[in-house]
Amino acid sequence: MLVIGPNGEQVGVKSLEDALALSNYANLDLVLINPLGEPPVAKVMDYNKYRYEKQKKVKEALKKQRASQSETKEFRLSPVIDIGDFETKLRNVRKYLEKGDKIKLSIRFKGRQMAHTELGEEMLQKFVARLEDVAVVEQAPKLDGRSMTMLVAPKK
């Protein structure tokens, strides 16, 4: 088998016993890299360190992938929301927008509120007007059955 040393240099073609003796002498592991090669390739390395670094790379790649995918958070408002609740939702939405998530604002109309859907649209416009420094409207308010939805994305 072709043996690669701990520093990446090629030691040469050795028998299995010689390769194992070499790895034992260096207090490292003999890892079979390419068993189907002609001749098979083995490397003298610290396998636990190799596995740890590989896991670290996978974790880092997942973190970068997660950062590139923005989530869509949904916040429900009411056409007759109180000022305190309005401010709280505004603060939470701002936090998610700064983090890079998209926000879906929805208003659910109950009973006679359906006769005054313009109040709900005003509420959404007022909400977005307070967020115009960090957000841009991606989808205008749209009435769908008893609910009105609007999509807001963070500014680039």
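Reading the values: the criteria
- Residues numbered from 1 in each chain as written.
- Predicted model: local features only at pLDDT ≥ 70, side-chain atom pairs only at ≥ 80, totals over all residues.
- Heavy atoms only, no water.
- Core = buried A, V, L, I, M, F, W, Y, C linked by side-chain atoms within 4.5 Å.
- Buried < 20%, exposed > 50% of the residue type's maximum accessible area, 1.4 Å probe, protein only.
- Helix = DSSP H or I, 4+ residues; strand = E, 2+ residues; numbered from the N terminus.
- Salt bridge = Lys/Arg side-chain N within 4 Å of Asp/Glu carboxyl O.

A. Fine view of the nonpolar core. Grouped together as the largest cluster of nonpolar side chains are 21 residues, with contacts concentrated most on Val93, Leu97, Leu105, Phe127, Leu131 and Val152. Those elements that place two or more of their residues in this core are β5 (72–77), α3 (83–99), β6 (102–108), α4 (117–130) and β8 (147–154).

B. Inspection of the pattern of salt bridges at higher detail. If you walk through the whole model with that rule in mind, you get three salt bridges. The residue Glu87 makes a salt bridge to Arg130 at a minimum N-O spacing of 3.0 Å. In this pair, Glu87 sits in helix α3 while Arg130 sits in helix α4, placing the two residues 43 residues apart along the sequence. By relative accessible area, which is 27% here, Glu87 ends up partly exposed. On the basis of relative accessibility, which here comes to 38%, the residue Arg130 falls in the partly exposed class. Notably, a salt bridge pairs Lys102 with Glu138, separated by 3.2 Å at the nearest N-O pair. Of this pair, Lys102 sits in strand β6 while Glu138 sits in strand β7 (residues 135–144), and the two are 36 residues apart along the sequence. The partly exposed category is assigned to Lys102, whose relative accessible area is 26%.

Treat this as a map of the structure, not an account of what it does.
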